[in-house]
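Now for the letters of each chain:
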Amino acid sequence: MLKYLHLKNVGLAPELRVEWATRLNLITGDNGLGKSFLLDLAWWALTRTWAGAAALPPVQAKSPQIEYVVQGKAREAKPVVSKFRRSDETWPVDAKRPPMPGIVVYIRIDGGFSVWDPARNYWRNDPGRPAAYHFAANEVWEGLDVRGQRVCEGLERDWINWQEGRKPQFKALEEVLRVLSPVAETLRAGPPQRLFIGEGRDRPTLLIGGQTVPVALASAGVRRVLALAYFLVWAWHEHRVAAELLGKRPESRVVILFDEPETHLHPRWQRTILPSVLAAVDALRGKSDARPQVLVASHAPLVAASLEPLFDREQDDVARLDVRDGVVTIEQGVWAPQGDAASWLVSETFGLDQARSLEAERAIEAAEAFMRGEQGVVSKALDSKAAIHKALQRLLPAHDHFWPRWIVTTQQTAPTAKRAKPAKRRLRR
């Protein structure tokens with residue numbers, strides 16, 4: 001478990017400290033403020049490897065350093081301080097073995113995944129052991145070779161192998177798919193099917209709406225969820241196999257880093273994805289006293305809203321990045337339930353003035369100014385009651401809650417709600 005990160009002259013802020021909650025951590029903020037950067041640094045602190053390029057401080061930055069604490073299973077962890085070495089662009093740390101955080105999984109926004117496995121990346125003593133396993137998006141599906149050794153067959157081949165061999169991994173995959181599915185849209189495995197002429201292997205399928213759909217032809221959103229389900233099952237199973245070979249007890253502690261879980265997902269899936277990931281981890285490991293630690297960067301109000309039934313201030317937190325006086329800052333301990341996605345959009349977490357189109361927002365601002373006797377201060381094109389009313393009619397539906405104030409104040413005619421045209425009935429011959 002990662003307890004905190006303390007950055008000095010790294011990234012966009014001269015100094016930034018994040019205290020990580022023991023379970024859920026929601027990182028929010030505008031584009032470019034460093035949400036993904038924090039996940040990259042968290043991965044490095046937990047595993048001492050980089051999932052991509054190493055963090056490079058600005059050339060003019062003086063004495064850049066990263067301080068962090070990773071809590072292991074037993075003894076109290078001590079802070080680790082790494083000072084950037086410009087001569088080889090590295091972040092050196094003490095060579096002794098660090099506290100072991102459990103299994104660490106990084107779900108990246110580009111469709112790639114990384115896993116750090118204690119059995120394969122920590123307990124092994126051979127000098128050739130890999131530091132971690134990094135999958136590009138295509139390698140999740142097609143398999144991964146590390147130093148000439150095949151370490152993963154990929155989603156499609158493993159799926160068929162597990163399914164036709166009736167292996168426990170397939171039962172786990174079916175259960176994780178069920179847990180990750182939105183309500184009333186359960187992802188179910190179909191029968192293996194040959195897809196391309198001349199290809200000498202069957203491919204996995206899904207049963208969707210009574211149809212059999214090859215997973216290779218599924219939508220981007222479905223493929224993202226399939227990749228997530230497969231990778232969780234694969235990482236968990238391979239850890240247990242490696243632990244058994246080493247004569248070690250498998251780990252139950254898990255840290256998950258998830259960058260923009262809403263990517264490619266319909267709102268129906270966005271509002272269930274994070275609770276479902278927690279449920280999927282529990283489905284894989286069974287009952288455990290060790291809570292998974294989850295760090296999530298998101299722009300989606302429905303993702304935030306989905307956490308309201310689960311949120312516990314004792315073990316969860318929001319880390320909100322913002323810019324003040326030209327400096328990136330972070331606020332924590334600011335969780336407040338908003339109730340619905342529209343309310344989240346206008347909360348301090350996402351910062352919109354109104355949950356509308358920009359044009360509708362400006363029309364309402366012009367109307368508000370007009371009602372205060374301040375004509376033409378918002379837009380020269382909206383400098384009269386008639387112009388504002390015309391814009392409101394074009395941009396707002398008849399049931400919008402702003403209409404009563406405008407109509408009562410200006411005595412304008414209320415807009416008429418348009419009725420949907422009834423569907424034409426087919427005449428039977």
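**Student:** How should the overall build of the protein chain be read in this particular structure?
**Tutor:** A count of helical and extended segments in the protein chain gives 13 helices and 19 strands. Projecting the C-alpha coordinates of the protein chain onto the three principal axes gives extents of approximately 80 × 75 × 40 Å. For the protein chain, the residues scored as buried account for 47% of the 429 residues in total. Considering only intrachain contacts with a sequence separation of at least 6, the fraction spanning at least 24 residues in the protein chain is 59%. Of the roughly 22800 Å² of accessible surface on the protein chain, a fraction of 50% belongs to carbon and sulfur atoms. Of the charged side chains in the protein chain, 60 are positive and 50 negative, and the gap between their average positions amounts to 5 Å.

**Student:** Would you take a moment to explain the nonpolar core for this structure?
**Tutor:** For soluble globular proteins, the rule of thumb is that nonpolar side chains tend to be buried together. With 65 residues, the main nonpolar core has Trp-159, Leu-180, Leu-226, Leu-228 and Trp-234 as its most contacted residues. It is helix 6 (residues 220-246) that provides the largest number of residues to this core, a total of 13 residues. Apart from residues lying up to four places away in sequence, Trp-234 is in contact with Val-115, Arg-120, Phe-135, Val-151, Cys-152, Asp-158 and Trp-162.

**Student:** Just checking my understanding: could you explain the sheet that holds strand 5 (residues 80-83) for this structure?
**Tutor:** By way of backbone hydrogen bonds, the strands of a sheet pair with one another, either parallel or antiparallel. With antiparallel pairing, four strands are arranged side by side in an open sheet as 2-1-4-5. Because the sheet does not close on itself, it has two edges, and the strands there are strand 2 (13-19) and strand 5. On average, each strand axis in the sheet is inclined to that of its neighbour by 10°, with strand direction left out of account. Pairing of strand 1 (residues 2-10) with strand 4 (residues 65-70), which is carried by six bridges, proceeds in the antiparallel orientation. Along strand 4, the bridge assignment pairs Lys-8 with Gln-65. Across the sheet, helix 1 (residues 35-47) is in contact with strand 1, strand 2, strand 4 and strand 5; its angle to strand 1 comes to roughly 120°.

**Student:** Is there a simple way to explain the sheet that holds strand 16 (residues 254-259) in this structure?
**Tutor:** Read across the sheet, eight strands follow the order 8-7-6-16-17-3-18-19 without closing on themselves; strand pairing throughout is mixed. In the strand order of this sheet, the two ends are held by strand 8 (133-135) and strand 19 (327-332), each with one partner. Adjacent strand axes in the sheet meet at a mean angle of 15°, parallel and antiparallel pairs treated alike. In this sheet, strand 17 (residues 293-297) lies alongside strand 3 (residues 24-28) in parallel orientation, the contact comprising four bridges. Following the sheet pairing, Leu-24 is matched in strand 17 by Val-294. Packing of helix 1 onto the sheet brings it into contact with strand 3, strand 6 (103-107), strand 7 (113-116), strand 8, strand 16, strand 17, strand 18 (316-324) and strand 19, and relative to strand 16 it is tilted by some 155°. Sheet strands in contact with helix 6 are strand 6, strand 7, strand 8 and strand 16, and its direction is about 15° off that of strand 7.

**Student:** What's the story with the packing of aromatic side chains in this structure? I'm lost.
**Tutor:** Aromatic ring pairs are described here by two measures, namely the spacing of the ring centres and the angle between the planes. Within this structure, the stated rule accounts for 15 aromatic pairs. Their ring planes at 15° and their centres at 5.4 Å tell us that Trp-44 and Trp-50 sit as a pair that is stacked. Members of the aromatic cluster, connected to one another through ring pairs, are Trp-44, Trp-50, Tyr-68, Phe-84 and Trp-91. Taking NZ or CZ as reference, Arg-17 lies 3.9 Å from the ring centre of Tyr-4, over its face. The cationic tip of Arg-223 hangs over the ring face of Trp-141; the distance from NZ or CZ to the ring centre is 3.8 Å.

**Student:** Which parts of the structure should I look at to understand empty space enclosed by the protein?
**Tutor:** If a probe as big as a water molecule is rolled over the atoms, it shows which places are left empty. One pass over the structure, following the stated rule, counts three cavities of 30 Å³ or more. The computed volume of the largest cavity comes to approximately 90 Å³. Ile-103, Val-105, Leu-232, Ala-235, Trp-236, Val-254, Ile-256, Val-281 and Leu-284 are the residues that line the largest cavity. Those elements that place two or more of their residues in the lining of the largest cavity are strand 6, helix 6, strand 16 and helix 8 (273-285). For the lining of the largest cavity, a count of residues per class yields nine nonpolar, no polar and no charged. By volume, the second largest cavity is sized at about 60 Å³. Lining the second largest cavity are Ala-45, Leu-46, Arg-48, Tyr-68, Val-69, Val-70, Lys-78, Val-80, Pro-98 and Pro-99. Among the secondary structure elements, those contributing two or more residues to the lining of the second largest cavity are helix 1 and strand 4.

Scoring rules and cut-offs
- Residues numbered from 1 in each chain as written.
- Predicted model: local features only at pLDDT ≥ 70, side-chain atom pairs only at ≥ 80, totals over all residues.
- Heavy atoms only, no water.
- Helix = DSSP H or I, 4+ residues; strand = E, 2+ residues; numbered from the N terminus.
- Buried < 20%, exposed > 50% of the residue type's maximum accessible area, 1.4 Å probe, protein only.
- Contact = heavy atoms within 4.5 Å.
- Areas by Shrake-Rupley, 256 points an atom, 1.4 Å probe, with all protein chains shown as cover.
- Lys, Arg positive; Asp, Glu negative; His and termini not counted.
- Charge placed at Lys NZ, Arg CZ, Asp CG, Glu CD.
- Core = buried A, V, L, I, M, F, W, Y, C linked by side-chain atoms within 4.5 Å.
- Pairing = 2+ DSSP bridges.
- Axes fitted to C-alpha atoms, helices over the stretch in contact; angles between N-to-C directions.
- Phe/Tyr/Trp six-rings, centres within 6.5 Å; stacked < 30°, edge-to-face > 60°.
- Lys NZ or Arg CZ within 6 Å of the ring centre and 35° of its normal.
- 1 Å grid on protein atoms, 1.4 Å probe; cavity = no way out; pocket = protein on both sides within 12 Å on 5 of 7 lines; lining within 4 Å.
- Points joined across faces, edges and corners; volume = space filled by probe spheres on them.
- Nonpolar A, V, L, I, M, F, W, Y, C, P; charged D, E, K, R; others polar.

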